[in-house]
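One letter stands for each residue in the lines below.
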Amino acid sequence: MINRKEEPAIKDAVDFNLQLKPYTYFQLDNGVPVYTIDAGAQDVVMVELVFFAGNWYEDKNIVAATTNYLLKNGTTKKNAFAINEHFEFYGAYLNRNCYNETATISLHALSKHLPELLPVVTELLTDATLPEDELAIYKQNQKQRLEVNLKKGEFVANRLIDEYLYGYDHPYGKYTLTGDYDALQREDLEKFYKQYYSEGKCLLFVAGKLPSDIQEQLNKSFGHLALNKADIPQITHLRQPAVQKKYEVINDANGVQGAIRIARPFPNRHHPDFTKVQVLNNIFGGFFGSRLMSNIREEKGYTYGIYSYLQNHVESSAWMVSTEAGRDVSRATIEEVYKEMEILRKELVDDEEMHLVKNYMMGSILGDLDGPFQVISRWKNYVLNNLTEEYFYNSINTIRAITAEEIRDLANKYLVADEFYELVVV
Amino acid sequence: MIHYNRFVLDNGLRVLVHEDTSTPMAVVNIMYDVGSRDENPDKTGFAHLFEHLMFGGSINIPDYDEPLQRAGGENNAYTTNDLTNYYCQLPAENIETAFWLESDRMLSLAFSKKSLDVQRKVVCEEFKEHYINKPYGDVWHKMRELAYTVHPYRWMTIGKDLSHIENAQLNDVKEFFFKHYRPINAILVVAGNVKTEEIKRLANKWFGDIPMGEKYVRHLTDEPVQHQARVLDTEADVPLNAFYKTWHMESRLEKGYYVADLITEILGGGGSSRLYQALVKEQKLFSNIDCYHFGSVDKGLITIEGKLVKGVSMDKAEQAVNEVIEKMQADSVSETELQKVKNKTESIIAFEDMTIMSRANSLAFYELLGDPDLMNKELEKYQQITAGDILSYSKSTLDAANSSTLHYYSKN
């Protein structure tokens, strides 16, 4: 008979020898840096072009996002339909995304189709026409979409909490108003496109089961472009956090849940506390076994889920608690969040919980390194945050070495109720 | 090509092993052959609520999550109309922890009153978050009731009504467990850096002595063929009018399923699809429009849904959708368009198969359908479809008499 009460022996994940697969680096003829990871069993590949073309660089709201969106909506040779049809015919996905510092174009495809696909990506970077009629359709449809989103408490809460943390004039704090679409002119986009895409600063991240001539293919398509010639402008945006700390907003008088956000400013990844606080954050609300989840979902049933996390921003960050809770228990939920902060400030985390969280985090990193797309995505994050391989190994050592006393000290330093913004949107 | 080994324990538990030494991780996936289609119409949402209770402690282990996290693992689960699936991923060296945890909760739950009380509330909050406190959140409650008259696909996995969840009793939980959560109704798939011989040993050690249980045989009434178009008008506090239309399609293993899948790609799969090009870009009647289906095991629904541009009448929008459909029924698709959707399907399959988690999940699903080898034959089935198949299927299936339409009006 087996003893089912007894847990099988485990190898402690903290003892795993975690290795981050190094990238291969080379430069195209025009100096564009390329980072590649060659791995995986499926014949698929991802090519991501990262431009310094986020909303950090725009003079007018949503110019960066709109330019990024319209990149694939027409060139002098192909209209939007023909471009989409070309990529879709080869079963490829061409996505674009706009963030704060950067904006991307990413291609996911079967490796064998790259020679047909890369030249059309080139066309988008040199010859996009950003057509007026496409812009008109985009404005109309985005306005409608915004109107639907504004009905959702969580959408409204995410906008407002960022505004409190950074100020509406900061790229991390601003959001879109209907009037921004009306104010948008095609000329704004053309200018932005030329400066930040055609003649912009670009980095390439490539991963998957790579064809042996990948360097030649990339160089042929992108090596002759007028990229990385000029320096990107140095633009400073001042963080202007709100003075008032607590907010209640009624978005829907009949709403049955409150969207709760509790957040404080936090430094970026270069701060010595950043990785250590990641451990504290996991204990607090960073995973399913966290204190917030155990107490507020698993003990009290106030919510379907509650999480805390550090925002992934380059310049400066914020520590955020986020949940949707029953309207009648929203206040009680907020009180419990502060109670959990207080406990972490007062009491030492016991050995068992420290051990569990450390193992969980190590296992989670190990799982995260599974597959070429995941590995390149970690590298991309490091490169864009000006971090090196050292950061990875230091983080692992931090997770292994951190003590309950350090955790308590960090809680006392950062989990200070008065320093948090608090918002409920019903 | 996905390789696997398959064996069956004496108690009927089917075990599949997919070895992949390129990863340090392992996935343990258990699929139970029970979904919301197996619920009593007066106790809907139960299969999903039950999924929550599977994390509330088993007979010998008070907490499922903690030991798994301690072993460096993560887990989750989901319930559909057809099945319930539990999966965890952990460092392969610690795989026995997953066997210990999963086998104990298959042996018996703790049936804790407290867990039921709390998870009832959690699921009610989930219901509110996704279906009440969200514009258009009730669409599929209405649409399923319109499109299905007898088949249990007429309610959603979350349940028909909050009260069904609130009224769930501990006795219901016990009965459900011993009826459905037995080895004979389950499939175990292990994928990753493992060896089949070792998995055989662990499977026998941990699952071998669990009583087989009774094979659950479903006796669902087929949804009768629909002979008349159904229409429902509804109104809510939403900013935009929306249009939804469905047609009954073939079940998962019939040829028609694959034809329907390609048709949804032709109509609504991306920037060069017919509905998007005609109705969003050229005629500017919709601000977004999609066409999809649910991949259901029994006969599912081909669906078109879109939000109307303000000022466009519902009649005009519907007429324009009908024209796109009529064209599908009148003219053959070109070889290029057919090749496009086949290429896309090839690509979807390749990307899906990238992670061991997804491979494990697919193997379990195809075993549930009756043959794991189907996983390796999917692409071939799509390749065989001709333009003639698409045309005749469009004529027979995208027929008005087989359709249900929901006009969702904005109150404002």
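Since the structure is predicted, the reported quantities are computational estimates derived from the model, not experimental observations.

All names here are of chain A. Most of strand β3 (residues 44-51) sits out of view: 8 of its 8 residues are buried. Pairing geometry for β3 and strand β5 (residues 103-110), over 8 bridges, is antiparallel. Of the residues in β5, the one forming a bridge with valine 44 is leucine 110.

With that settled, consider the UniProt feature "domain: Peptidase M16 N-terminal" (unreviewed entry) in chain B. The UniProt feature table records "domain: Peptidase M16 N-terminal" (unreviewed entry) at residues 14-129 of chain B. A helix fraction of 38% and a strand fraction of 24% characterise residues 14-129 of chain B, whose end C-alpha atoms lie 37 Å from each other.

Looking now at the domain arrangement of chain B. All names here are of chain B. In terms of domains, chain B is made up of domain 1 (5-207) and domain 2 (230-410). With centres defined by C-alpha atoms, the gap from domain 1 to domain 2 works out at 29 Å. Across the contact, 37 residues belong to domain 1 and 37 residues belong to domain 2. Together domain 1 and domain 2 conceal approximately 3,200 Å² of surface at their shared face, both sides included; 70% is due to carbon and sulfur atoms. When residues of domain 1 are sorted by the area they lose upon contact with domain 2, Tyr136, Trp140 and Leu146 head the list and together hold 23% of the total.

One way to see where empty space is left: roll a probe the size of a water molecule over the atoms. Residues and elements named next belong to chain B. Under the defined criterion, the tally for this structure stands at 3 cavities of 30 Å³ or more. Here the largest cavity defines a volume of roughly 60 Å³. For the largest cavity, the full set of lining residues is Leu53, Gly56, Gly57, Leu109, Ala110, Phe111, Ser112, Ser115, Leu116, Leu170 and Val173. Contributing elements (two or more residues each) for the lining of the largest cavity: α4 (113-132) and α7 (170-180).

A word on the UniProt feature "domain: Peptidase M16 C-terminal" (unreviewed entry) in chain B. Per the UniProt entry, the sites bearing "domain: Peptidase M16 C-terminal" (unreviewed entry) are residues 169-344 of chain B in this numbering. Summarising residues 169-344 of chain B: 41% helix, 20% strand, and an end-to-end C-alpha distance of 47 Å.

Time to look at the UniProt feature "domain: Peptidase M16 N-terminal" (unreviewed entry) in chain A. Mapped onto this numbering, the UniProt entry gives "domain: Peptidase M16 N-terminal" (unreviewed entry) at residues 40-158 of chain A. Between the end C-alpha atoms of residues 40-158 of chain A there is a gap of 36 Å, over a span that is 47% helix and 18% strand.

Residue and element names in this part refer to chain A. Contact geometry of helix α12 (residues 351-368) with helix α14 (residues 389-401) gives a least axis separation of 9 Å together with a crossing angle of 155°. Looking at the two axes, α12 sits roughly antiparallel to α14. As for how α12 packs across α14, the hand of that crossing is left-handed. Every residue of α14 that contacts α12 at Lys358, Met361, Met362 and Ile365 is listed here: Phe392, Ile396, Ile399, Arg400 and Ala401. Residues of the contact of α12 with α14, tallied by class, amount to 7 nonpolar, no polar and 2 charged.

Conventions used here
- Residues numbered from 1 in each chain as written.
- Chains lettered and ligands numbered in written order.
- Predicted model: local features only at pLDDT ≥ 70, side-chain atom pairs only at ≥ 80, totals over all residues.
- Heavy atoms only, no water.
- Buried < 20%, exposed > 50% of the residue type's maximum accessible area, 1.4 Å probe, protein only.
- Helix = DSSP H or I, 4+ residues; strand = E, 2+ residues; numbered from the N terminus.
- Pairing = 2+ DSSP bridges.
- UniProt positions renumbered as here; feature names shortened; annotations may be inferred.
- Domains from an automatic or database assignment.
- Contact = heavy atoms within 4.5 Å.
- Buried area = accessible area lost by both parts, 1.4 Å probe.
- 1 Å grid on protein atoms, 1.4 Å probe; cavity = no way out; pocket = protein on both sides within 12 Å on 5 of 7 lines; lining within 4 Å.
- Points joined across faces, edges and corners; volume = space filled by probe spheres on them.
- Axes fitted to C-alpha atoms, helices over the stretch in contact; angles between N-to-C directions.
- Parallel < 35°, antiparallel > 145°, perpendicular 65-115°, else oblique.
- Left-handed = near helix turned anticlockwise from the far one by under 90°.
- Nonpolar A, V, L, I, M, F, W, Y, C, P; charged D, E, K, R; others polar.

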